[in-house]
Amino acid sequence: MTAKLDELANLIEAGAVAVRRVRRFGPAGGAGDKVFPPTYVVDDPKAQTKYAIETRRIDGAAVDTVLLDSVQSQANRMEQALLAGWRAGELSFPVIVVDFSNEKGLEDIGQITTLDAPHRLADAILRDSTTAKGVPFRQSGEGLAFTRAKVARATAVFKLCPTALIFGVWDSTGATGGMGAKFARTLVSEIVGVNACAGVKTASRIDPLQISDVSKGNPLYEDAEEGWTFEKPSGKSAKPQALKPSDVNHGNIAPSVDAKAGGVTLDYALHTAVLSLAGLRKLAFPVDCSGRTLDGAQRAKAESAARTALAALALAGVVYQDAMGYDLRSRCLLVPEGVAQFEVVAADGRVHGLTMSREDAQKAVADAAAAAANCGMGWACEPGKPILTLKPTEKLCELIRISRAQAATSKE
């Protein structure tokens, strides 16, 4: 079955539980090639690894697995994939931006969208920005509507940032702090390595100049202009620290072995993406996007249309991530082992296939958005254009400038 609008709407209305896709990947270098998982800060000095390794039950057996891409990281990657589709004009849905391009010294930041901001619509970057009229975002009509939103009245989030209803958002930066509304993820995606064996990596540097440690007789010192110097700083308050050539990136580095983050070999990587249709059905829309109260059959139709639009957008996130590829980080490029289609999990546990190409995803999102608009749940957006452009406050800009200046000083 191809994921057309009618099929998606039927799945939600018929009580289907989820749409999932389970897909195997392998290292781009082929079987046995090493890949590098993300590392994590470990407080225990006796810890043997910086990777997230755990035992899972797979096919009836307990196997060692390693986390290759977390749920949070996968959400960010799919948001970036959707953003690419949005910027290309292929996918049209509401996006809010904070524009730094006219802020002195911060032009390089460009625009931060609700698909870039870590906390999405609730992010402090939006909170510390204003509308074109100078109204703080959280005091604007849009900001107040978001602050008042709940799972039982989610229209404002659907209208302003539907991806927040897909990838989750917690309004912890608003007026009510930690008591702000929480919208759980409806799309969960993760990649793990199965039957993972930890390896080691080596590090060394052979200096072609063969500079040795001369610091006993000829110490080096920091210099604000030149980086380093042989001249010992003068002045009563000066307490210069003598440096070695290796402190300024010269000389050999003795070969070493890192056993805590030396990469892994694995049988295969397993990517699991699950869209909870049951989760989408929890979202209620008692008013339409104009604020008009919906009742009875009118509300049921509008809610079904809104949930279908969210489902189409969520599946587009998975499909567009495929187009972006799975180059997760340095030395962790994965390639799929064949084609995998989506599976619909019915309320009675039965499963049937669902296919969706990139073109199918574009059409499904466009058709679902049009159907929702006919029910008063339209997204007031144009392809590739934000629905709201915010200006960062001067205090936020100054905070960034000070932070950058401090970081530059600490490197000198």
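This text follows the structure it describes.
Report on the accompanying structure. Everything numeric in this text was worked out from a predicted model, so none of it was measured.

**Quick look at unusual backbone geometry**
Phase 1: Positive phi is not limited to glycine here, since Gln210 has a value of about 50 degrees.
Phase 2: In this structure, Arg331 is a non-glycine residue whose phi angle is positive, near 60 degrees.
Phase 3: Along the chain, Arg331 falls in the loop between strand S17 (326–327) and strand S18 (333–336).

**Remarks on the state of the cysteines**
Phase 1: Considering all chains together, one arrives at 0 disulfides under this definition.
Phase 2: Left without a disulfide partner, Cys332 is nearest to the cysteine sulfur of Cys197, which lies 16 Å away.
Phase 3: Not engaged in a disulfide, the cysteine Cys381 finds its nearest cysteine sulfur in Cys289; these two sulfurs lie 10 Å apart.

**Side note on a positive patch on the surface**
Phase 1: Residues Lys50, Lys201, Lys260 and Arg331 make up a contiguous surface patch of positive charge.
Phase 2: Taking the relative accessible area as the measure of exposure, Arg331 reaches 52% and is therefore exposed.

**With respect to the pattern of salt bridges**
Phase 1: With the rule as written, the count across this model stands at 21 salt bridges.
Phase 2: Glu190 is the partner of Arg56 in a salt bridge, and the nearest nitrogen-oxygen pair spans 3.2 Å. Of the two residues, Arg56 sits in strand S2 (residues 53–58) while Glu190 sits in strand S9 (residues 187–194), which places them 134 residues apart along the sequence.
Phase 3: On the basis of relative accessible area, Arg56 is assigned to the partly exposed category, the value being 25%.
Phase 4: Here Glu190 falls in the partly exposed class, since its relative accessible area comes to 22%.
Phase 5: Across the pair Arg77 and Asp69 runs a salt bridge whose closest N-O atoms are separated by 2.6 Å.
Phase 6: The partly exposed category is assigned to Arg77, whose relative accessible area is 24%.
Phase 7: The network of salt bridges with common partners includes Arg21, Arg23 and Asp322.

Cut-off values and rules
Residues numbered from 1 in each chain as written. Predicted model: local features only at pLDDT ≥ 70, side-chain atom pairs only at ≥ 80, totals over all residues. Heavy atoms only, no water. Helix = DSSP H or I, 4+ residues; strand = E, 2+ residues; numbered from the N terminus. Disulfide = S-S within 2.5 Å. Patch = residues over 30% accessible without salt bridge, like charges linked within 9 Å, V, L, I, M, F, W, Y side chains within 5 Å. Areas by Shrake-Rupley, 256 points an atom, 1.4 Å probe, with all protein chains shown as cover. Salt bridge = Lys/Arg side-chain N within 4 Å of Asp/Glu carboxyl O. Lys, Arg positive; Asp, Glu negative; His and termini not counted. Charge placed at Lys NZ, Arg CZ, Asp CG, Glu CD. Buried < 20%, exposed > 50% of the residue type's maximum accessible area, 1.4 Å probe, protein only.

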